[in-house]
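# Fold and contact review
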Amino acid sequence: MSQTTPLVFIVDDDVSIRESLELLVSSAGWQPETFASAQDFLARPRQLLPSCLVLDVTLPGLSGLDLQQRIVERADMPIIFITGHGDIPMTVRAMKAGAVEFLTKPFDDEMLLAAIDGAIERSRTALDRQAELQTLRDHYVKLSHRECEVMALVVAGLLNKQIAGELRISEITVKAHRGKVMRKMYADSLADLVNMAAKLRAEPHWVGQERFGPLGSHQRTAGLRRAQ
């Protein structure tokens, strides 16, 4: 299959279930990969392709629910739980932790295929968002420290004259920095730049914050200046 064919990971300790699901997934046009345990799955290198995980709840060693907690940050790989003996608390726990479906064996093949199709679409959306954010990060870390300061004040709503007073530089210098920010961020308008800043601020950990501090660090000061 193509390297861009969506991956469907199947983790189940029952070999007959693995083989039947492998055949079902393959017949639907996706690329299946099967694992007998959570540990085997965790040993596989991560691959950034549209994917989902069909995961049995009851596994030897690390359980399916425990595995879900280990990979909770992987929004690009939605989880579909399957189990032969599920209960309401188990289902609630799985769904609260982000599972997209919880199916009880025996389940209808079409129901599983529909769940996989929806999960893969979610995966594509998450991967697209991750790629967009990485592009924004790459652009932002190319800004100078002063350009970062100007950007923070621009998206906070300050005019060039106000930014000049805030940073104790000339208005002409502010305009020059502002133009560089727009070019380096590939922003077509102020609204575009504000939208970019909002997306960057929504990320809890990224290199831009380590280098320059939180993007919005000047906004509280700017708000106080406007209020005075």
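### Focus on the environment of Asp117
- Residue placement: Asp117 occurs in helix 5 (residues 109-140).
- For Asp117, a relative accessible area of 42% puts it in the partly exposed group.
- As for Asp117 and Pro6, which are separated by 111 residues in sequence, their C-alpha atoms are 9.8 Å apart.

### Brief notes about the environment of Ala36
- Positionally, Ala36 belongs in the loop between strand 2 (31-35) and helix 2 (38-42).
- Sequence separation between Ala36 and Asp14 is 22 residues, and the spatial gap between their C-alpha atoms is 7.3 Å.
- The contact partners of Ala36, leaving out residues within four places of it in the chain, are Asp12, Asp13, Arg18, Leu59 and Pro60.

### Regarding the sheet that holds strand 5 (residues 101-104)
- The parallel open sheet is built from five strands, whose spatial order is 2-1-3-4-5. Either end of the sheet is taken by a strand with one partner, and the two such strands are strand 2 and strand 5. Across this sheet, the average inter-strand angle for adjacent strands is 20°, counted without regard to direction.
- By the bridge criterion, five bridges tie strand 1 (residues 7-11) to strand 2 in an arrangement that is parallel. Within strand 2, the residue paired with Val8 across the bridge is Pro32.

### Regarding the packing of aromatic side chains
- Tallied over the entire structure, the rule returns four aromatic pairs.
- Seen from their ring centres, Phe9 and Phe41 are 5.4 Å apart, and the 70° between their planes marks the pair as edge-to-face. Placement of the pair is Phe9 in strand 1 and Phe41 in helix 2, with a sequence separation of 32 residues.
- Note on Phe41: relative accessible area 3%, which makes it buried.
- Their ring planes at 35° and their centres at 5.9 Å tell us that Phe81 and Phe102 sit as a pair that is tilted. Here the residue Phe81 occupies a position in strand 4 (residues 79-83), and Phe102 occupies one in strand 5, the gap between them amounting to 21 residues. Comparing Phe81 with Phe102 shows no difference in burial state: the two are buried.
- Aromatic rings pair up to connect Phe9, Phe35 and Phe41 into one cluster.

### Some words on the pairing of strand 4
- Of all five residues that make up strand 4, five are buried, and the element is covered over most of its length.
- Here strand 4 shows a buried face lined by Ile79, Phe81 and Thr83 and a second buried face lined by Ile80 and Ile82.
- With four bridges connecting them, strand 3 (residues 51-56) and strand 4 associate as parallel partners. Paired with Asp56 across the bridge in strand 4 is Ile82.
- With helix 3 (residues 64-70) bridging strand 3 and the parallel strand 4, this β-α-β connection has right-handed handedness.

### Brief notes about helix 5
- For helix 5, which comprises 32 residues, the first-to-last C-alpha distance of 46 Å matches the rise-based estimate of 46 Å (1.5 Å per residue) to within 8%.
- You can read the cap of helix 5 off the contacts: a side-chain oxygen lies 3.0 Å from the backbone nitrogen of Glu110, and it is on Asp108.

### Topic: empty space enclosed by the protein
- Applying the stated rule across the entire model yields two cavities of 30 Å³ or more.
- The volume enclosed by the second largest cavity comes to roughly 40 Å³.
- Around the second largest cavity, the lining residues are Phe9, Phe41, Arg44, Pro45, Arg46 and Arg74.
- Here the lining of the second largest cavity is composed, by residue class, of three nonpolar, no polar and three charged.

### Brief notes about the layout of surface pockets
- In this structure, the largest pocket encloses a volume near 160 Å³.
- Every residue lining the largest pocket is counted, 13 residues in all, and those nearest its centre are Arg74, Ala75, Met77, Pro78 and Gly98.

So, how was this worked out
- Residues numbered from 1 in each chain as written.
- Predicted model: local features only at pLDDT ≥ 70, side-chain atom pairs only at ≥ 80, totals over all residues.
- Heavy atoms only, no water.
- Helix = DSSP H or I, 4+ residues; strand = E, 2+ residues; numbered from the N terminus.
- Buried < 20%, exposed > 50% of the residue type's maximum accessible area, 1.4 Å probe, protein only.
- Contact = heavy atoms within 4.5 Å.
- Pairing = 2+ DSSP bridges.
- Axes fitted to C-alpha atoms, helices over the stretch in contact; angles between N-to-C directions.
- Phe/Tyr/Trp six-rings, centres within 6.5 Å; stacked < 30°, edge-to-face > 60°.
- Right-handed = clockwise from strand over helix to strand, strands pointing away.
- Expected span 1.5 Å × (residues − 1).
- Polar contact = N/O pair within 3.5 Å; in protein donor to acceptor, adjacent residues only side chain to side chain.
- 1 Å grid on protein atoms, 1.4 Å probe; cavity = no way out; pocket = protein on both sides within 12 Å on 5 of 7 lines; lining within 4 Å.
- Points joined across faces, edges and corners; volume = space filled by probe spheres on them.
- Nonpolar A, V, L, I, M, F, W, Y, C, P; charged D, E, K, R; others polar.

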